[in-house]
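Here's the letter readout for the chains.
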Amino acid sequence: MVKRTMRPASLFRGIALALPLLIAGSASAQPTVRDQRTPKPGALASDKDGARPMIVDRVVATVNDEIILHSELMMRVAPLAFELNKVTDLKERARRQNKLGSQVLDEMINEELVSQAASTAKLEVGAKEVEAAITDLKRQNKLDDEQLKEALRMQGYSMSSYRKDVRSQIVRMRAVNTLVRPKVSISDDDVRAKYDANARRSAQVSEVHLQHILVAVAPDADEAAKSAARDKAADIISRARAGEEFAKLAGTYSDDPATKNTGGDLGWIERGTIATEWEVIVFAMNKDETRGPVNGPRGLHVFHVSEIKDSKQEEYEAVKEKLRNELYRVELDKQTRLWVDDLRKKAHFEIKL
């Protein structure tokens, strides 16, 4: 056996029950058939007359004393791999399929480890709970019994196999609730710290109404031309700071034909929509402030902020429970991942893809 301690690519599914995607016409959505008459997985078997080979299932992973079959992996991969059929490069498609298969198998190993932990803790799920979950799923998806059966059939599921899958999902949720959730605690100080951090971010400028003047500098300009451009920009900045209207200065001196006749107006600018080096400057400016010159691909820019919008923060009492729930979800996810990591470190499993 090979012991692997790699970090899980994805946590086990089961935090929310979901109907499998409907992939009409996808042959890969059907499970591989395992011939129970053959003693050795992974071989080819013949039908009764010996004339036609049949596909026999094989083991793709062992997890402690349990196995994961190729057919089980393919059923999980099929809905996710459907989009790969659009990849025309066959080598690239194969590469992505292999990567997807490895990621899904890694997730299935996590799920099996959690299910085993639930079994060790003697956590049980009754038939009534399974039926209640399926009833709720039908209600959410507006399906009757026959529509659900058809949806499952298209994914290679029978109702009995799907009930088993739903039960496994509930067991894993119960394992998290029982074995991990008690480790999670969010204090009032944690909530207040989160609120204060949000408030600091919200106090930042979220948008600026920006104007600019471009002093053009040719890419091959000599030092004398560059010096003249810097002097021109400095004079514009000095005059704007002395009280001259920026729009009029732009109309007279800007070399940007797109904004020259509109007072250099660039409109409202949000964070993340302009070059980082420019954003650092303009979002640190106050209303009616002029700064520059700032280097750009076409020359030197003089910036003027005419208006500012600040983010607004709701009152603490109005948002504290929402923040508490957000912190709780993040911490629960963190503790669950740490727990699954620990399960993996203690487990013995082998990948046979």
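Only a predicted model underlies this, so the values are computations on that prediction, with no experimental measurement involved. (Residues numbered from 1 in each chain as written. Predicted model: local features only at pLDDT ≥ 70, side-chain atom pairs only at ≥ 80, totals over all residues. Heavy atoms only, no water.)

Colleague: I'd like a description of the overall build of the protein, backed by residues and values.
Modeller: For the protein, the count of helices and strands is 10 helices and nine strands. Within the protein, contacts between residues at least 6 apart in sequence are counted, and of these 72% link residues at least 24 apart. Looking at the protein as shown, the accessible area adds up to about 20900 Å², and 51% of this sits on carbon and sulfur atoms. (Helix = DSSP H or I, 4+ residues; strand = E, 2+ residues; numbered from the N terminus. Contact = heavy atoms within 4.5 Å. Areas by Shrake-Rupley, 256 points an atom, 1.4 Å probe, with all protein chains shown as cover.)

Colleague: Give me the lowdown on the pattern of salt bridges, citing residues and values where you can.
Modeller: For side chains bearing opposite charge, pairing can occur when the charged atoms are close. Overall, the coordinates contain 27 salt bridges when judged by the stated rule. For Lys 86, the salt bridge identified is with Glu 83, shortest N-O distance 2.9 Å. For Lys 86, a relative accessible area of 61% puts it in the exposed group. Notably, a salt bridge pairs Lys 149 with Glu 146, separated by 3.9 Å at the nearest N-O pair. (Salt bridge = Lys/Arg side-chain N within 4 Å of Asp/Glu carboxyl O. Buried < 20%, exposed > 50% of the residue type's maximum accessible area, 1.4 Å probe, protein only.)

Colleague: So, the nonpolar core: which residues are in play, and what are the values?
Modeller: Among the nonpolar cores identified, the biggest contains 43 residues, and Ile 68, Leu 73, Leu 105, Ile 109, Val 166 and Trp 339 are the most heavily contacted of them. Put simply, the parts of the chain that give this core at least two residues each are β3 (59-63), α1 (70-81), α2 (90-120), α3 (127-141), α4 (145-153), α5 (159-180) and α10 (316-346). Core analysis: the second largest hydrophobic core is formed by 14 residues, Val 217, Ile 236, Ile 237 and Val 302 among them. (Core = buried A, V, L, I, M, F, W, Y, C linked by side-chain atoms within 4.5 Å.)

Colleague: Lay out α4 in plain terms, naming residues and giving numbers.
Modeller: Every buried residue of α4 is accounted for by Leu 148, Ala 151 and Leu 152. Mapping the buried residues of α4 onto a view down its axis gives an arc of 95°, with all of them on the same face. Elements that come into contact with the buried residues of α4 comprise α3 and α5. N-cap assignment for α4: the residue whose side-chain oxygen lies 3.2 Å from the backbone N of Glu 146 is Asp 144. (Arc of directions from axis to C-beta. Polar contact = N/O pair within 3.5 Å; in protein donor to acceptor, adjacent residues only side chain to side chain.)

Colleague: I'd like a rundown of the packing of α3 against α5, residues and numbers included.
Modeller: Where α3 contacts α5, the two axes come as close as 9 Å, and the packing angle between them is 105°. Here α3 is positioned roughly perpendicular relative to α5, judged by the angle of their axes. On α5, the residues that touch Glu 129, Val 130, Glu 131, Ala 133, Ile 134 and Leu 137 of α3 are Tyr 162, Arg 163, Val 166, Arg 167, Ile 170 and Arg 174. (Axes fitted to C-alpha atoms, helices over the stretch in contact; angles between N-to-C directions. Parallel < 35°, antiparallel > 145°, perpendicular 65-115°, else oblique.)

Colleague: Outline the sheet that holds β3, supporting the account with residue identities and numerical values.
Modeller: Spatially, the three strands line up as an open sheet ordered β4-β3-β9, and their pairing is antiparallel. Edge positions in the sheet fall to β4 (66-69) and β9 (349-351), since each of these pairs with one other strand and no more. Going across the sheet, the axis of each strand differs from the next one's by a mean of 20°, ignoring polarity. Inspection of the sheet shows β3 paired to β9 by three bridges, in the antiparallel sense. Looking at β9, one finds that Ala 61 is bridged to Ile 351. (Pairing = 2+ DSSP bridges.)

Colleague: Kindly report on the pairing of strand β8 (residues 299-310), identifying the contributing residues and their values.
Modeller: Where strand β7 (residues 289-296) and β8 come together, six bridges link them in antiparallel fashion. Paired with Thr 290 across the bridge in β8 is His 304. Linkage of β7 to β8, two consecutive antiparallel strands, is achieved through a turn of two residues.

Colleague: Any details on the pairing of β4? Residues and values, ideally.
Modeller: Inspection of the sheet shows β3 paired to β4 by four bridges, in the antiparallel sense. Across the sheet, the residue bridging to Ala 61 is Ile 68, located in β4. Between the end of β3 and the start of β4, which pair antiparallel, lie two residues, with Asn 64 showing a positive phi angle near 55°.

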